[in-house]
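Residue-level structure breakdown
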Amino acid sequence: ELPEALPREIAIPLSSQKIIAIVGPRRSGKTYLLFWLIKNLISETISLEQIIYCSFDDPRLLPCDAKDIELILEAHRELYPEHRNKINYIFFDEIQNVKDWEMGIRRIYDTRKFHIFLTGSSSKLLSKEIATQLRGRAISFEIFPFSFREILSAKGIELDRNTPYSMERFSIIKHLNEYLKVGGFPEVVLEENPDLKTRILKEYLETMFFKDLVERYRVKNQPLLRELMRFLTANTANLFSLNAFYKWIKSTYPVTKRTLLNYVSYFEDIGLFFLVRKFSYSLKEQAQRPRKCYIVDNGLRSVYGFKSSEDEGRNLENTVFLDLQHRKAMKPLMEIFYWQDYKKREVDFVVRQGKDVQELIQACATVSDFRVKERETTALSKAADEIKCNNLS
């Protein structure tokens, strides 16, 4: 029996002629997404014998190289010769553990007899590397920890227009407060013990630091990398200036701007942090202005970032950003920016689809204070006039 798998919002095509590569942060649910896809195939009357699943995290399969992938296919043909002339399905989990995996996968692809699905952790396999190694044969889909909608779905809660007036709203508020603090990593969401939630998140963060960063990029100055990670975590939903950070940190650590720039790009590569550009029709201004920093999961911020009275607002803004990232994963042309004018009036998110700005969004924990409400709405109004967008949230 396949393990129980929760549905995800992302739509993965089951019969594409392209190789489907599923990437994302470790422990974000890639393996269980494969199980969900397999269950969907079975529900569509695809025979179980037409499906090959291998996890290359299994030590019994290691070491493994491209030739061993062919042995797996030979074994399948011997077991089920009646399916050898049909289109079958391959699901290879953690494919980066196979030496020269791209050669084996390209050979399978060229036979045109299989629909191929791959997963890889961002510690060793990035979207850009898949694009390079498979040379136009693959489409990458990025998944993240659970969104709040996915958590509600996992809890059996369905939203409709009457939800704000129902008794269920209290349960939803409770789940939201929990989500703002501990995030959406599946293992953390399903864990009941608060202390274990914290321990799991700390372990994730340390694993990302040492496996995804230090080992992958062979970072020598670990104290500086950790200081930068702590700074970005504490300043989630704030503007980040590399020049300002350099001026502050150089008195403590001997460092060049190039090194810092590389470290920031490493964080972005593994999907731990996202740095959002200022909206401008000038690419030069986009490149020169500070960027807003967001983290892949609120739980990681809770266990590592410096706590402040503004945490509620920042966690909420980060949550809105992550929801937009989920939308972006389903809309390849979607882009996310922030807006700011010369008076420092700011709109948190400018959502653009292709050439058109579709939405302006402000994230605010409370607008009960008249001055806060006026500040937020004035910025929205100014941005709407400048960008010519009337869809405001």
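In short, a report on the structure.

Calculation rules
Numbering of residues starts from 1 in each chain and follows the order in which that chain's sequence is written. Whole-chain, interface and lining totals are the exception, using all residues; otherwise, since this is a predicted model, local features are given only for residues with pLDDT of at least 70 and side-chain atom pairs are given and counted only at 80 or more. Computation of side-chain values covers all heavy atoms of the structure but excludes hydrogens and water. Like-charged residues are merged into a patch within 9 Å and nonpolar side chains (Val, Leu, Ile, Met, Phe, Trp, Tyr) within 5 Å, provided each residue has over 30% relative accessible area and no salt bridge. The accessible surface values rely on the Shrake-Rupley method and a 1.4 Å probe; as for residues, cover is taken only from the protein chains in view. Between Lys or Arg on one side and Asp or Glu on the other, a salt bridge is scored when a side-chain nitrogen of the former is within 4 Å of a carboxyl oxygen of the latter. Strands are runs of DSSP state E lasting at least two residues, helices are runs of H or I lasting at least four, and both sets are numbered from the N terminus onward. Points on a 1 Å grid, built from protein atoms alone, make a cavity when a 1.4 Å probe fits but cannot get out and make a pocket when they are open with protein on both sides within 12 Å along at least 5 of 7 lines; residues with an atom within 4 Å of a point are the lining residues. Grid points are joined across faces, edges and corners, and a volume is the space filled by probe spheres set on the points. Polar here means any residue other than Ala, Val, Leu, Ile, Met, Phe, Trp, Tyr, Cys and Pro, which are nonpolar, and Asp, Glu, Lys and Arg, which are charged; Gly is therefore polar. Contacts are assigned to residue pairs with any non-hydrogen atoms lying within 4.5 Å of each other. For every residue, the accessible area (1.4 Å probe, protein chains only) is compared with the maximum for its type, and the residue is labelled buried under 20%, exposed over 50%, or partly exposed between those bounds. For two strands to count as paired, DSSP must find a minimum of two bridges between them. All axes are obtained by fitting lines to C-alpha atoms, using only the stretch in contact for helices, and the reported angles, taken between N-to-C directions, cover 0 to 180 degrees. If an angle is under 35 degrees, it is roughly parallel; if it is over 145, roughly antiparallel; if it lies from 65 to 115, roughly perpendicular; otherwise it is oblique. When the near helix sits turned anticlockwise from the far one by under a right angle, the crossing is termed left-handed; a clockwise turn instead gives a right-handed crossing. Along the arc lie the directions from the helix axis toward the C-beta atoms. We call a set of buried residues a nonpolar core when its members are Ala, Val, Leu, Ile, Met, Phe, Trp, Tyr or Cys and they connect through side-chain atoms within 4.5 Å of each other. How far a helix is expected to stretch is found by multiplying one less than its residue total by 1.5 Å. Note on aromatic pairs: the rings of Phe, Tyr and Trp (six-membered ring only in Trp) are paired at centre separations within 6.5 Å, and the planes decide the class, stacked below 30 degrees, edge-to-face beyond 60, tilted for the rest. By definition, being over a ring means that NZ of Lys or CZ of Arg is both within 6 Å of the ring centre and within 35 degrees of the ring normal.

**Let's talk about a nonpolar patch on the surface**
A contiguous nonpolar surface patch, about 350 Å² in accessible area, is contributed by Met167, Phe170 and Ile173. Mapped onto the fold, phenylalanine 170 is located in helix α6 (residues 168–182).

**Looking at empty space enclosed by the protein**
Under the defined criterion, the tally for this structure stands at two cavities of 30 Å³ or more. Looking at the largest cavity, its volume works out to about 70 Å³. Every residue along the wall of the largest cavity is listed here: Arg8, Glu9, Ile10, Glu142, Ile143, Phe144, Glu150, His326, Ala329 and Met330. Computed from the structure, the second largest cavity encloses a volume of approximately 30 Å³. A breakdown of the residues in the lining of the second largest cavity according to their chemical character gives six nonpolar, one polar and one charged.

**A word on the side chain of glutamine 325**
With respect to the helices, strands and loops of the structure, glutamine 325 is situated in helix α14 (residues 311–330). Ignoring any residue separated from it by four or fewer positions in sequence, one finds glutamine 325 in contact with Phe144, Phe274 and Ile336.

**Observations concerning the pattern of salt bridges**
In total, this model carries 25 salt bridges according to the counting rule given. Taking the shortest distance from any N to any O, the salt bridge between aspartate 212 and arginine 26 comes out at 2.7 Å. Of the two residues, aspartate 212 sits in helix α8 (residues 194–217) while arginine 26 sits in the loop between β1 (19–24) and α1 (30–43), which places them 186 residues apart along the sequence. In this structure, aspartate 212 and arginine 26 share a single accessibility class: buried. Among the salt bridges present, the one from glutamate 285 reaches lysine 278, with a minimum N-O distance of 3.2 Å. A residue is classified by how much of its surface remains accessible, and glutamate 285, at 27% relative accessible area, is partly exposed. According to the relative accessible area criterion, lysine 278 is buried, its value standing at 5%.

**Section: the sheet that holds strand β2 (residues 51–55)**
The five strands are arranged β2-β3-β4-β1-β5 in an open sheet whose pairing can be described as parallel. One side of each edge strand has no neighbouring strand; the edge strands of this open sheet are β2 and β5 (138–142). In this sheet, adjacent strand axes meet at a mean angle of 15° when their direction is disregarded. For strand β3 (residues 88–93) and strand β4 (residues 114–121), the ladder comprises five bridges, and the chain directions are parallel. Paired with tyrosine 89 across the strands is histidine 115, a residue of β4. Sheet strands in contact with helix α2 (residues 66–79) are β2, β3 and β4, and its direction is about 145° off that of β2. On top of the sheet, helix α3 (residues 101–111) reaches β1, β3 and β4; it is set at about 160° to β4, its chief contact.

**Observations regarding the packing of α8 against helix α9 (residues 222–234)**
When two helices pack together, their arrangement is captured by the angle between the axes and the distance separating the axes. Interaxial distance between α8 and α9 falls to 12 Å at its minimum, and their mutual angle equals 130°. The angle between α8 and α9 falls in the class oblique. Handedness of the crossing formed by α8 with α9: right-handed. Contacts between α8 and α9 involve Leu205, Glu206, Phe209, Phe210, Leu213 and Val214 from the former and Gln222, Leu225, Arg226 and Met229 from the latter.

**What about helix α10 (residues 242–249)?**
Along α10, the residues classified as buried are Phe245, Tyr246 and Ile249. The arc that holds every buried residue of α10, seen down its axis, measures 100°, which confines them to one face. Among the structural elements, α9, β6 (239–240) and α11 (257–269) are those in contact with the buried residues of α10.

**Focus on the nonpolar core**
If you look at the biggest cluster of nonpolar residues, it comprises 53 residues, and the most contacted ones within it are Phe267, Leu272 and Leu300. Considering each element in turn, this core owes the most residues, nine residues, to α8. Excluding anything up to four places from it in sequence, leucine 272 contacts Leu205, Met208, Met229, Phe267, Tyr294, Ile295, Val296 and Leu300. Core analysis: the second largest hydrophobic core is formed by 23 residues, Ile52, Leu73, Val98 and Ile105 among them.

**Examining α6**
One full turn of an α-helix is made of 3.6 residues, so residues set three or four places apart face in the same direction. Given a rise of 1.5 Å per residue, 15 residues ought to cover 21 Å, and the 21 Å separating the end C-alpha atoms of α6 matches this to within 8%. For α6, the elements touching its buried residues are α5 (148–154), α7 (186–190), α8, α13 (298–304) and α14. A positive backbone phi angle near 75° is found at glycine 183, which sits one or two residues after α6.

**Points about the packing of aromatic side chains**
Within the structure shown, the criterion is met by 22 aromatic pairs. Taken together, a centroid distance of 5.4 Å and an interplanar angle of 55° make the contact between phenylalanine 274 and phenylalanine 321 tilted. One end of the pair, phenylalanine 274, is in strand β7 (residues 273–276); the other, phenylalanine 321, is in helix α14, and 47 residues separate them in sequence. The buried category is assigned to phenylalanine 321, whose relative accessible area is 1%. The lysine or arginine in question, arginine 226, covers the ring of phenylalanine 209, its NZ or CZ lying 4.1 Å from the ring centre.

**Topic: the sheet that holds β6**
Across the sheet, which stays open at both edges, the three strands sit in the order β6-β8-β7 with antiparallel pairing between neighbours. Looking at strand neighbours, the two that pair on one side only are β6 and β7, the edges of this open sheet. Inspection of the sheet shows β6 paired to strand β8 (residues 291–295) by two bridges, in the antiparallel sense. Within β8, the position partnered with phenylalanine 240 by the bridge is arginine 291.

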